[in-house]
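Listed below, chain by chain, are the residues.
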Amino acid sequence: MSDTTTKKIEFSPEAKALVEKYISKFPEGKHKSAIISILHLAQAEFNGWLSPEVMDYVAEILNIKPIEVYEVATFYSQYYLKPQGKYVLEVCRTGPCCLRGAEDIIEYTCKKLGIKEGETTPDGMFTVKGVECLAACGEAPMMQVGLDYHVDLTHEKIDSLLDKFKLENKVSRAFP
Amino acid sequence: MADRVKILTQHVNVPGIETFEVYRKHGGYASVEKALKTMSPDDVTEEVKKSGLRGRGGAGFPTGMKWSFVDKKSGKPRYLVCNGDESEPGTFKDRYLMSKIPHLLVEGMITSSFAIGANLSYIYIRGEMMYVVRIIQKAIDEARAAGFLGKNILGTGYDLDLHVTCGAGAYICGEETALIESLEGKRGNPRIKPPFPAIAGLYGNPTVVNNVESIASVPYIVNNGGDEYAKIGVGRSTGTKLISASGHIKNPGVYEIELGLPVDEFLNSPEYLGGSWKSDKKIKAIIAGGSSVPILPLELFLKNAAGEPRLMTYESLSDGGFATGTMLGSGGFFAMDEDTCIVKNTWNLSRFYHHESCGQCSPCREGTGWLEKVLHAIESGHGKQSDIDLLVDIAKKIEGNTICPLGDAAAWPVGSAIRHFRHEFEWHVANPKLAAEPGAVYRA
């Protein structure tokens, strides 16, 4: 059995190819610009959150100081600094979504999963979060899970989505 | 139904329009051919100036003028950056356009990059819309394969590299200097201006940042001439505008309207929003241009203070200033019916701005938190009469005192809600127990 505490953090070959692609989009010497995309990728590759070790690894790849990665990772809301459920259900709760029943969807989903908003189910499958505007107000209420938008939500849709997620047990993470 | 002018969404429902082949068959990339082969960069800028096109992200600054400010004398590389960080609550038009007809944006980027003399350009899309990044990436790859990107485009000697990249969840990155910071791989803290991006933007080089819809309007302008574009619309509100419509209306969605459409027709005609979502529920209030713009009671939205019907134009919606008017903004339009609690809605929006404040300027960092807390107190039945004036005071102290307009954007919804719906706030304070009940709403 491998010792997980000393297991080296390293991107898969596929992820490494994407890192190269992201860096190649920017002029010579401006590779730090790729950090936003690389952190998305790192989060998906390494258990769905950014641990200090993962951030240090990203700093190493970009040849920048770890603090430069922490600065960015702590600023943007899509980066998680603590472990999350396998599926993070991010329900938009802003303005128009609130007018069309976002609170009810959050309440129903939480009740069904037996957790409070912001919490993760004991089996580590689901986290429910109320998040700010996702620019899909015309299809409210809506939520984001992984890279996908799920719109015009109803209790029935939540039921079938939860069933589907449990069955698939794999979050879509095909980064462009 | 009259024939409606559509220049952005004309082909959105054509099967396969997201592919290069089908887009090209429908006249796509003609503006690139025309501009690169028959016009000078200044000619293109001149047409955009003549068109009267105003920035569609919300500020409404003339696009051609913005281009003409770009420093061409320094010899530094110039960049065009497309702002696809659409995050203003109520706004979802850019997502619609990019996902439905991605090549329109790519075409607009090439033609516009040529105009400002950029050889490297970026489309920055908010991180949540990763699936849109994928769509745009595919369109860029197709355009490159067809010879519309890369070296010596169409044999004209013009080189352009175009890339799509993403954010990671931050409303503030819709502010152009914050977007540039983010594009440089940093926190999205807006920069102090001047210098403006046209002089020192991305990597310190001259940069133009334009909204998705603005860039997507350029192919029509180049193909048909700025004068033709300027014939659409009314006065200084030329062209068409995408309106994202949501909330308590019958037909939510994205609409391309000719600027100058009567607001009554837009709100109530079955061709557009179809009025209230429920026949027995009247619309009470409208936020016409994204959550930042002043909320208006229905009556003041439909007609200005003088009783004249309003039009969907920059000028008509702002008629009366903030006392009785609002703004066209980003075109993020949402309606609230009579069961909507304005206090709760205002608190909800304040929570948003508090969450999204970058924290750089203390009036905004502290003020947005105060607004959220005081509004929550009133909403949950713990407010005092003096809190209402406190809110007005906080909003005034944020407004105009911050590096970027997020402070104003946070202050305006609160100021306007109290200006027009003060009775709802007072009712909450006077009836704390009733107000604290779920779904509690003031009724006249």
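Calculation criteria
Residues numbered from 1 in each chain as written. Chains lettered and ligands numbered in written order. Predicted model: local features only at pLDDT ≥ 70, side-chain atom pairs only at ≥ 80, totals over all residues. Heavy atoms only, no water. Helix = DSSP H or I, 4+ residues; strand = E, 2+ residues; numbered from the N terminus. Rg over C-alpha atoms; globule rule 2.2 N^0.38 Å. Buried < 20%, exposed > 50% of the residue type's maximum accessible area, 1.4 Å probe, protein only. Contact = heavy atoms within 4.5 Å. Areas by Shrake-Rupley, 256 points an atom, 1.4 Å probe, with all protein chains shown as cover. Lys, Arg positive; Asp, Glu negative; His and termini not counted. Charge placed at Lys NZ, Arg CZ, Asp CG, Glu CD. Buried area = accessible area lost by both parts, 1.4 Å probe. Salt bridge = Lys/Arg side-chain N within 4 Å of Asp/Glu carboxyl O. Polar contact = N/O pair within 3.5 Å; in protein donor to acceptor, adjacent residues only side chain to side chain. Pairing = 2+ DSSP bridges. Axes fitted to C-alpha atoms, helices over the stretch in contact; angles between N-to-C directions. Patch = residues over 30% accessible without salt bridge, like charges linked within 9 Å, V, L, I, M, F, W, Y side chains within 5 Å. Phe/Tyr/Trp six-rings, centres within 6.5 Å; stacked < 30°, edge-to-face > 60°. Lys NZ or Arg CZ within 6 Å of the ring centre and 35° of its normal. Disulfide = S-S within 2.5 Å. Parallel < 35°, antiparallel > 145°, perpendicular 65-115°, else oblique. Nonpolar A, V, L, I, M, F, W, Y, C, P; charged D, E, K, R; others polar.

*Asks:* What should I look at first to understand the overall build of chain B in this one?
*Replies:* Summing up its helical and strand segments, chain B has 19 helices and 11 strands in all. Expected size for 444 residues packed as a compact globule is a radius of gyration near 22 Å; at 22 Å, chain B falls within 12% of this value. On the principal axes, the C-alpha backbone points of chain B span a range of 75 × 50 × 40 Å. Out of the 444 residues belonging to chain B, those deemed buried represent 62%. A separation threshold of at least 6 residues defines the contact pool for chain B, and within that pool the share at least 24 residues apart is 70%. Carbon and sulfur atoms make up 54% of the accessible area of chain B, which totals about 15,900 Å². If you average the places of the 48 positive and of the 51 negative side-chain charges in chain B, the two averages end up 2 Å apart.

*Asks:* Sorry if this is basic, but what is going on with unusual backbone geometry here?
*Replies:* Both trends apply: most residues other than glycine have a negative phi, and most peptide bonds are in trans. All names here are of chain B. Here the residue pair Lys 193 and Pro 194 is connected by a cis peptide bond, since its omega of -10° sits within 30 degrees of zero. Of note, Asn 152 is a non-glycine position whose phi angle comes to about 50°, a positive value. For Asn 152, the location among the structural elements is in the loop between helix H7 (130-145) and strand S3 (161-166). A relative accessible area of 41% places Asn 152 in the partly exposed class.

*Asks:* Help me out: how do you make sense of the interface of chain A and chain B in this one?
*Replies:* It is common to give the size of an interface as the accessible area that goes away when the parts come together. Facing 42 residues of chain A, the contacting portion of chain B comprises 59 residues. Overall, the association of chain A and chain B removes approximately 4,000 Å² of surface from exposure, summing both partners, and the carbon and sulfur fraction of that is 58%. Among the residues chain A hides against chain B, the three largest losses belong to Lys25(A), Phe75(A) and Leu99(A). Together they make up 17% of the total. A salt bridge links Arg351(B) to Glu132(A); the nearest nitrogen and oxygen atoms lie 3.8 Å apart. At the surface where chain A touches chain B, the tally comes to 25 residue pairs in polar contact (both at pLDDT 80 or more).

*Asks:* Please explain the sheet that holds strand S2 (residues 120-125) of chain B as it appears in this structure.
*Replies:* As a general point, the strands of a sheet are linked pairwise by backbone hydrogen bonds and lie either parallel or antiparallel. Residues and elements named next belong to chain B. One open sheet holds the four strands; their spatial order is S3-S2-S1-S4, and the pairing between them is parallel. The open sheet terminates on both sides in strands that have one partner only, identified here as S3 and strand S4 (207-211). The sheet shows a mean angle of 20° between the axes of neighbouring strands, taken without regard to direction. Sheet contacts for helix H6 (residues 102-116): strand S1 (79-84), S2, S3 and S4; angle to S1, the most-contacted strand, approximately 145°.

*Asks:* Looking at this structure, how should I read a nonpolar patch on the surface?
*Replies:* Together, Phe61(B), Met65(B) and Phe69(B) make up an exposed nonpolar region whose accessible area comes to about 290 Å². Locating Phe69(B) in the fold gives a position in the loop between helix H4 (63-68) and S1.

*Asks:* Explanation requested: the pairing of strand S9 (residues 283-287) of chain B in the structure shown.
*Replies:* Consecutive residues of a regular strand have side chains that alternate between opposite faces of the sheet. Residues and elements named next belong to chain B. Counting buried positions over the five residues of S9 gives five, a clear majority of the element. Pairing between S9 and strand S11 (residues 332-337): four bridges, direction antiparallel. Bridge assignment links Ile 283 to a residue of S11, and that residue is Asp 337. Bridge analysis of S9 against strand S10 (residues 296-297) gives two bridges, and the strand direction is antiparallel. Within S10, the position partnered with Ile 286 by the bridge is Leu 296.

*Asks:* So what exactly am I meant to see when it comes to the sheet that holds S9(B) here?
*Replies:* Pairing is mixed in the open sheet, where five strands are placed in the order S8-S7-S11-S9-S10 (chain B). The open sheet has two edge strands, strand S8 (253-258) and S10 of chain B, and neither has a second partner.

*Asks:* I'm lost on the pattern of salt bridges in this one. Help?
*Replies:* Side chains carrying opposite charge are able to pair once their charged atoms draw close together. Residues and elements named next belong to chain B. For the structure shown, the criterion picks out 38 salt bridges over all chains. In this structure, Lys 186 engages Glu 184 in a salt bridge whose closest nitrogen and oxygen atoms are separated by 2.8 Å. Overlapping salt bridges bring together Arg 56, Lys 93, Asp 94, Glu 213 and Lys 241 as one network.

*Asks:* Whenever I open this one, the packing of aromatic side chains confuses me. Can you help?
*Replies:* Aromatic rings considered in pairs are described by the distance between their centres and by the relative angle of their planes. Residue and element names in this part refer to chain B. Scanning the model with the defined rule gives 27 aromatic pairs over all chains in all. With 5.3 Å between their ring centres and 80° between their planes, Phe 114 and Tyr 158 make a pair best called edge-to-face. With Phe 114 in helix H6 and Tyr 158 in the loop between H7 and S3, this pair connects stretches of sequence that are 44 residues apart. Neither Phe 114 nor Tyr 158 differs from the other in exposure class; each is buried. Taken together, the ring pairs connect Tyr 255, Phe 266, Tyr 272, Phe 301 and Phe 333 into an aromatic cluster. Over the aromatic face of Trp 277 sits the side chain of Lys 278, whose NZ or CZ is 4.2 Å from the ring centroid. Of note, Arg 351 hangs over the ring of Trp 347, and the distance from its end group to the ring centre comes to 5.2 Å.

*Asks:* Help me understand the side chain of Thr109(A) in this model?
*Replies:* All names here are of chain A. Mapped onto the elements, Thr 109 comes out in helix H6 (residues 102-113). The exposure class of Thr 109 is buried, given its relative accessible area of 0%. In contact with Thr 109, not counting residues within four places along its chain, are Leu 89, Val 128 and Ile 158.

*Asks:* Help me understand the state of the cysteines, please; the structure alone is not making it clear to me.
*Replies:* Residue and element names in this part refer to chain A. For the structure on display, the rule yields zero disulfides over all chains. Free cysteine: Cys 92, not disulfide-bonded; nearest cysteine sulfur from Cys 97 at 3.6 Å. Judged by its relative accessible area of 2%, Cys 92 falls in the buried class. Free of any disulfide, Cys 110 has its nearest neighbouring cysteine sulfur in Cys 98, separated by 15 Å.

*Asks:* Explanation requested: the packing of H6(B) against helix H9 (residues 212-224) of chain B in the structure shown.
*Replies:* What describes two packed helices is the angle between their axes and the distance between those same axes. Residues and elements named next belong to chain B. At a minimum axis distance of 8 Å, the contact between H6 and H9 shows a crossing angle of 75°. Relative to H9, the element H6 is oriented roughly perpendicular. Counting all contacts with H6, which are made through Leu 104, Leu 105, Glu 107, Gly 108, Met 109, Thr 111 and Ser 112, the residues of H9 involved are Val 212, Ile 215, Ala 216, Val 218, Pro 219 and Val 222. Taken together, the residues of the contact of H6 with H9 break down into nine nonpolar, three polar and one charged.

*Asks:* Help me out: how do you make sense of the packing of helix H1 (residues 13-24) of chain A against helix H2 (residues 35-45) of chain A in this one?
*Replies:* Residue and element names in this part refer to chain A. Packing of H1 against H2 brings their axes to within 10 Å, and their N-to-C directions diverge by 170°. With respect to their mutual orientation, H1 and H2 come out roughly antiparallel. Where H1 approaches H2, its residues Ala 15, Leu 18, Val 19, Tyr 22 and Ile 23 are matched on the opposing element by Ser 37, Ile 38, Leu 41 and Glu 45. Considering only residue class, the contact of H1 with H2 consists of seven nonpolar, one polar and one charged.

*Asks:* Help me out: how do you make sense of the environment of Gly290(B) in this one?
*Replies:* Structurally, the position occupied by Gly290(B) is in the loop between S9 and S10. When sequence neighbours within four positions are dropped, the list of residues in contact with Gly290(B) reads Glu88(B), Pro89(B), Thr91(B), Ser330(B), Gly332(B) and Phe334(B).

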